[in-house]
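# Chains, contacts and geometry: an overview
The chain contents come next:
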Amino acid sequence: MASTAHRPPRTATRRRSPTAPPRSFLWIRRIFLTALTGFVLLPVYVMLSSSLKPLEDVSGTFHWLPSELTIRPYLDIWRTVPLARYFINSLIVAGSATLCSVLIAIFAAYAVSRHRFRGRRVFTITVLSTQMFPGILFLLPLFLIYVNIGNSTGVALYGSRGGLILTYLTFSLPFSIWMLAGYFASVPRELDEAAYVDGCGPLGALFRVVVPAALPGIVAVAVYAFMTAWGEVLFASVMTNDTTRTLSVGLQGYATQNDVYWNQVMAASLVVSVPVVAGFLLLQRYLVAGLTAGAVK
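Residues numbered from 1 in each chain as written. Predicted model: local features only at pLDDT ≥ 70, side-chain atom pairs only at ≥ 80, totals over all residues. Heavy atoms only, no water.

### A closer look at the nonpolar core
Among the nonpolar cores identified, the biggest contains 30 residues, and Ile77, Leu83, Tyr168, Trp230, Met239, Leu247 and Tyr254 are the most heavily contacted of them. Of all the secondary structure elements, the ones that give two or more residues to this core are helix H4 (83–114), helix H6 (139–153), helix H7 (161–186), helix H10 (215–230), helix H11 (234–239), helix H12 (247–250) and helix H13 (262–283). If we skip the residues at most four places from it in the chain, isoleucine 77 touches Leu83, Tyr254, Gln264, Ala267, Ala268 and Val271. By size, the runner-up hydrophobic cluster in this structure holds 28 residues, among which are Ile177, Cys200, Ile218 and Val221. (Core = buried A, V, L, I, M, F, W, Y, C linked by side-chain atoms within 4.5 Å. Buried < 20%, exposed > 50% of the residue type's maximum accessible area, 1.4 Å probe, protein only. Helix = DSSP H or I, 4+ residues; strand = E, 2+ residues; numbered from the N terminus. Contact = heavy atoms within 4.5 Å.)

Structural data, given as structure tokens:
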């Protein structure tokens, strides 16, 4: 029997889908995204390169490639100013404000989304309308209120972490309630009814069914509250003292009357950004909505 010559299999040409965008659009999108990525990463590179330079190189003409690399600025940032104390203050204030904001918003949003009561619409509109006013409008009233409370009751709110936490709650809590109320409303009510059938009460249905189903919205609210408290400057510069100062205000300590330690400023800015970046990387999978899809069949 004559052996047939081995022939390579014919590769079928890959056909483009009729709905696929044209190739020119794909190339334009790639070029645009590449330019946008470079535009976003350029300041990060400037911060990183400046934080690894001696002060003499940073104070002079900027060079894209550092002539000398040193980690000295990352060691000096802890001695030039009490950065560790500022870091602890920011963690306590931002973490406490986030925890209180999320807990209160969960109960308030569940009541608004699941129950009908007198004044519900007025309450929702009032909560949302507070976002229209700039924060500086409340600076002087809150300052006077804290000072008067301290003088009359002895409770030191001005210059304390507790007063700063209450201040941040006035900004993050209204938005958190409004956002979670809309998210809880998207959770099917059949989940609550199924929990009631299984013997759960309102609180049991909330924490065993609704909260796990609305976890992406809760995480988004927590990230918003933490970011609001972590990077706030206006109220932190007025409501704190040398003991309770936070990072956003403490970074000003690297600027003295004689000089500005730019390399330490850049190093401290990168160190300050670590908790926020790490939080986003750890919680990014929870920020995708749609966990409730298909929960009720």
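### As for the pattern of salt bridges
Summed over all chains, the structure comprises four salt bridges. Put simply, aspartate 76 and arginine 72 hold a salt bridge, and the shortest N to O gap is 3.3 Å. Here aspartate 76 and its partner arginine 72 are both found in helix H3 (residues 72–80), four residues apart, which amounts to about one turn of the helix. Owing to a relative accessible area of 17%, aspartate 76 belongs among the buried residues under this scheme. Of the charged contacts in the structure, one is a salt bridge between arginine 114 and aspartate 192, with a shortest N-O distance of 3.0 Å. Separated by 78 residues along the polypeptide, arginine 114 in helix H4 and aspartate 192 in helix H8 (residues 189–197) bring together distant segments of the chain. Here the two residues arginine 114 and aspartate 192 agree in accessibility, since each one is buried. Within this structure, Arg72, Asp76 and Arg79 form a network of salt bridges that share partners. (Salt bridge = Lys/Arg side-chain N within 4 Å of Asp/Glu carboxyl O.)

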